[in-house]
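If you want the building blocks of each chain, they are given just below.
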Amino acid sequence: MIRPDEFDLRNLLLGSVFLLIVAGLSTLLYLGRISVSLIDIIVSTALTAALIVIYSIQTNLQSDQSELVEDQTEIMQEQHQVQNKQAEVLVGQKKTQDSQTEIMSSQEGIQERQTEILDNQTALMELEYEPEIVIEDCSFTNSQIRVDISNIGRGIAKHLYVHTDVHIGSLAPENRRHDPSTIPENAWHHSEDALFYRDDDGTEYVNGIGSLQRQNSIDTLTNRVAGGSIGSEEVQAFIGTPKVYRYPPGMGATGIRINQLMADLREVGIESVHITFDLIYCNEKTDPTTEDIRVKQITGRAFDLVEYDSLSEFLDMSGPTSGSRQEVIEQISEYPKYPPTNR
């Protein structure tokens, strides 16, 4: 291949030689030492030689251009191959990313499954310590209740209390309305849903709880926790005093027995009430929370206040009633002191 600088040098040399020939011939002609015919022959020969040289140069240039085109074609083919390789690499990277994403998804699925298995294992472990209380029998003497209980579960039930749920059928709206200023926030019970009566003087009556203790036996566990307790596969009688709470305006709560409640309601002309007694308890966790509260209905009756003035005749009333006790759990969850702190 002829480089551009070589091509320019050849042209310069050829042009110089041609000019020297012309100058020499012109000098000879001037001196009369050469004829015009001979000059024509020499000039024609020189021109022919110059044309041959130019043709040769053009031929070389065309050959060089062809080689350049071939080189460019090879370069383009190589670039195309490189682009194909790059495309293959990108496809491989995409497949790798998809595989990594799939692996991560599988790992997340495995982790979720492991979490589910762990939750199930935890639930099974808790079931091993979950008591299951059955109310075998109950009776009333004056203002006390006796409950015969069996625990068919595998855990210990503790903090056994009796919850009293009172409902009065026919009341004016003002006798059902709760005054937040009446019951302080630090009260034993300040749930609005627990209110069942408000007298004309502003005294509010709310549902309450009373602890249960084993009858005629020493409950060693009860010495360490508030309320009674019963172990797995155990049958035991418990006694306690059902209570409600009375909040006079501007004063603290007073826990009153059901007999006193009957007298108060009878004085204001209320003739009947519906009372439900529930057993509330927790499992044997060291620090139970409101989510660990369990409720079992003991019995419920519509009580005639005109004819009877004691719980002794409670089971002679119409009933019993049953149903969901979720509302009791909701009321108990508002107790700031249940589960008890002395556990």
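Residues numbered from 1 in each chain as written. Predicted model: local features only at pLDDT ≥ 70, side-chain atom pairs only at ≥ 80, totals over all residues. Heavy atoms only, no water.

Student: Quick question: what am I supposed to make of the overall build of the protein here?
Tutor: Per the secondary structure count, the protein includes four helices and eleven strands. Counting all 343 residues of the protein, 34% fall into the buried class. (Helix = DSSP H or I, 4+ residues; strand = E, 2+ residues; numbered from the N terminus. Buried < 20%, exposed > 50% of the residue type's maximum accessible area, 1.4 Å probe, protein only.)

Student: Looking at this structure, how should I read the environment of alanine 172?
Tutor: Topologically, alanine 172 is positioned in the loop between strand S3 (157–167) and strand S4 (195–198). On a C-alpha basis, the gap between alanine 172 and arginine 198 in space is 9.8 Å, while along the polypeptide they are 26 residues apart.

Student: Teacher, can you tell me more about a negative patch on the surface here?
Tutor: On the surface, Glu67, Glu70, Asp71, Glu74 and Glu78 cluster together into a patch of negative charge. The topology assignment puts glutamate 70 in helix H2 (residues 36–128). (Patch = residues over 30% accessible without salt bridge, like charges linked within 9 Å, V, L, I, M, F, W, Y side chains within 5 Å. Areas by Shrake-Rupley, 256 points an atom, 1.4 Å probe, with all protein chains shown as cover. Salt bridge = Lys/Arg side-chain N within 4 Å of Asp/Glu carboxyl O. Lys, Arg positive; Asp, Glu negative; His and termini not counted. Charge placed at Lys NZ, Arg CZ, Asp CG, Glu CD.)

Student: Would you mind going over the pattern of salt bridges with me for this structure?
Tutor: Close approach of charged atoms allows side chains of opposite charge to pair. Per the stated rule, a full pass over the model turns up eight salt bridges. In this structure, glutamate 130 and arginine 294 form a salt bridge, with 2.7 Å as the shortest nitrogen-oxygen distance. Of this pair, glutamate 130 sits in the loop between H2 and strand S1 (133–141) while arginine 294 sits in strand S11 (residues 294–304), and the two are 164 residues apart along the sequence. Looking at arginine 294, the relative accessible area reads 23%, which means it is partly exposed.

Student: Please clarify how the packing of aromatic side chains should be interpreted in this entry.
Tutor: Under the defined criterion, the tally for this structure stands at three aromatic pairs. Aromatic side chains phenylalanine 140 and phenylalanine 277 sit 5.3 Å apart centroid to centroid with 40° between the ring planes, which places their arrangement in the tilted category. Of this pair, phenylalanine 140 sits in strand S1 while phenylalanine 277 sits in strand S10 (residues 272–282); the two residues are 137 residues apart in sequence, bridging distant segments of the chain. Comparing phenylalanine 140 with phenylalanine 277 shows no difference in burial state: the two are buried. Each residue in the set Phe196, Tyr197 and Tyr205 is aromatic and connected to the rest through ring pairs, giving one cluster. (Phe/Tyr/Trp six-rings, centres within 6.5 Å; stacked < 30°, edge-to-face > 60°.)

Student: Please explain helix H3 (residues 258–267) as it appears in this structure.
Tutor: The α-helix winds at 3.6 residues per turn, so residues separated by three or four positions along the chain end up facing the same way. Where H3 is concerned, the buried positions are Ile258, Leu261, Met262, Asp264 and Leu265. Seen along its axis, H3 keeps its buried residues to an arc of 165°; they face one direction. Positive phi shows up at glycine 269, right after H3, with a value of about 90°. (Arc of directions from axis to C-beta.)

Student: Any chance you could explain the pairing of strand S8 (residues 243–247) here in plain terms?
Tutor: Residues in a regular strand point their side chains to alternate faces of the sheet. Bridge count for strand S5 (residues 204–214) against S8 is four bridges, and the pairing is antiparallel. Bridge assignment links glutamate 204 to a residue of S8, and that residue is tyrosine 247. Looking at chain direction, S8 and strand S9 (residues 254–257) are connected through four bridges and run antiparallel. Paired with arginine 246 across the two strands is threonine 254, which belongs to S9. Taking the residues that link successive antiparallel strands as the turn, the S8-S9 hairpin has six residues, and the phi of glycine 250 there is positive, at about 75°. (Pairing = 2+ DSSP bridges.)

Student: Would you mind showing me how to read the nonpolar core here?
Tutor: Counting residues in hydrophobic clusters, the biggest one holds 36 residues, and the most contacted among them are Leu160, Val273 and Phe277. Sorting the residues of this core by element identifies S1, strand S2 (144–151), S3, S4, S5, H3, S10 and S11 as the ones contributing at least two each. Broken down by element, the residue count for this core peaks at five residues, all from S10. Excluding residues within four positions of it along the chain, leucine 160 makes contact with Ile149, Ser211, Leu212, Gly227, Gly228, Ser229, Ile230, Phe238, Leu279, Ile280 and Tyr281. Membership of the second largest hydrophobic core comes to 14 residues, among which are Tyr161, Val206, Tyr245 and Val295. (Core = buried A, V, L, I, M, F, W, Y, C linked by side-chain atoms within 4.5 Å. Contact = heavy atoms within 4.5 Å.)

Student: Would you mind going over the confidence of the model for the protein with me for this structure?
Tutor: Per-residue confidence for the protein averages 78 on the pLDDT scale, and 74% of its residues sit at or above 70. At the level of individual helices and strands, the protein shows its lowest average pLDDT in helix H1 (residues 4–31), which scores 60, and its highest in S2, which scores 92. Scored below 50 in pLDDT, residues 219–224 makes twelve contacts in the model with residues more than four places away or belonging to other chains. (pLDDT = per-residue confidence, 0-100.)

Student: Is there a simple way to explain unusual backbone geometry in this structure?
Tutor: Negative phi characterises most residues that are not glycine, and trans characterises most peptide bonds. The backbone of histidine 159 shows a phi angle near 60°, a positive value even though the residue is not glycine. Mapped onto the elements of the fold, histidine 159 is located in strand S3. Assessed through its relative accessible area of 0%, histidine 159 is described here as buried. Phi at glutamate 233 takes a positive value of approximately 60°, unusual for a residue other than glycine.

Student: Can you walk me through the side chain of arginine 214 in this structure?
Tutor: Residue placement: arginine 214 occurs in strand S5. Looking at arginine 214, the relative accessible area reads 15%, which means it is buried. A polar side-chain atom of arginine 214 sits 2.6 Å from a polar atom in the side chain of glutamate 234. A distance of 3.2 Å separates a polar atom in the side chain of arginine 214 from a polar atom in the side chain of glutamine 236. (Polar contact = N/O pair within 3.5 Å; in protein donor to acceptor, adjacent residues only side chain to side chain.)

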